[in-house]
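Coordinate inspection notes
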Amino acid sequence: MGNTGTLFGWAFGDPARESDGTYVGGLQDEALRNARETAQAKHVDVVAGSEVFTVLSGNDSLVELDNAPGRLVVRCTVHVEGPGAEKLRAEGPMNG
C-alpha cells in the first residue's frame, strides 16, 4: 500500500428511528457513499472494507448536535490511498 489517510462520510436521520436496524443500515450506506464521493473529489480511492460506522444521537455527549439536521448522525470513517492521501486526516467533525 502506498500513501494512506482517512476521511469521514456523513448521513443524517430521524432520531425516533435509531433502533430500526434497516433504517440505520440505509444511513450507513448513505454515509459510505458520502465518504466515497469525498474521496473521489480529493482524487484518492477508498480502501475496500476499511469503513467503520459510528451512530450518534442528541443524547450522546461526544459531539454537539444542536444544529445537525435530524439530530441522528451516522459517521463513516474510511481509509483512503493514492497521491496526497497521507495529508488527509479525519479529525473531530472535519476532513482535514
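The structure contained in this document is the topic of the report that follows. In every chain, residue numbers begin from 1 and rise along the written sequence. pLDDT decides what is reported in this predicted model: residues at 70 or higher carry local features, side-chain atom pairs at 80 or more are listed and counted, and totals for whole chains, interfaces and linings draw on all residues regardless. Excluding hydrogens and water, the side-chain figures rest on all heavy atoms present in the structure.

With that settled, consider the environment of N95. Segments assigned H or I by DSSP are reported as helices when at least four residues long, segments assigned E as strands when at least two residues long, and all are numbered from the N terminus. Among the structural elements, N95 can be located in strand β6 (residues 94-95). A C-alpha to C-alpha distance of 9.1 Å links N95 and T38, two positions 57 residues apart in sequence. In what follows, a contact means two residues having at least one pair of non-hydrogen atoms within 4.5 Å. Sequence-distant contacts of N95, defined by excluding residues within four places in its chain, comprise L7, F8, T38, R89 and A90.

Next up on the list: the pattern of salt bridges. Between side chains of opposite charge, a pair can form as their charged atoms come close. Salt bridges are defined as contacts in which a side-chain nitrogen from Lys or Arg sits within 4 Å of a carboxyl oxygen from Asp or Glu. The full count for this structure, using the stated rule, is 1 salt bridge. Two residues, D20 and R17, come together in a salt bridge whose shortest N-O distance is 3.3 Å. For every residue, the accessible area obtained with a 1.4 Å probe (protein chains only) is divided by the maximum for its type, and the residue is called buried under 20%, exposed over 50%, and partly exposed between those limits. Exposure remark for R17: the relative accessible area of 36% places this residue in the partly exposed category.

Moving on: the nonpolar core. Within this scheme, the nonpolar core is defined by two criteria: the residues are buried Ala, Val, Leu, Ile, Met, Phe, Trp, Tyr or Cys, and they are joined through side-chain atoms within 4.5 Å. One finds L7, L27, V44, V78 and V80 to be the most contacted residues of the largest nonpolar core, which totals 16 residues. Those elements that provide at least two residues to this core are β1 (4-13), α1 (21-41) and β4 (72-81). For this core, the leading source of residues is α1, giving 6 residues. With residues near it in sequence (within four places) discarded, V44 still touches L7, A39, V80, E81, G82, P83, A85 and L88.

Now for unusual backbone geometry. Positive phi values are uncommon outside glycine, yet H43 reaches one of about 60°. Tracing the chain through its elements places H43 in the loop between α1 and β2 (45-46).

Expected helix span is computed as 1.5 Å times (number of residues minus one). Taking 1.5 Å of rise per residue, the 21 residues of α1 would be expected to cover 30 Å, and the 30 Å separating its terminal C-alpha atoms lies within 8% of that figure. Taken as a whole, α1 has its buried residues at Y23, V24, G25, L27, A31, L32, A35, T38 and A39. Just downstream of α1, H43 is the residue with a positive phi angle, here 60°.

So, about the pairing of β4. Here β4 lies mainly inside the structure; 7 of its 10 residues are buried. Only when DSSP finds a minimum of two bridges between them are two strands counted as paired. Of the pairings in the sheet, the one linking β1 to β4 comprises 10 bridges and is antiparallel in character. By the bridge assignment, W10 is partnered in β4 with R75. Here β2 runs beside β4; their pairing, made up of 2 bridges, is antiparallel. Each bridged residue has a counterpart across the sheet, and for D45 the counterpart in β4 is E81.

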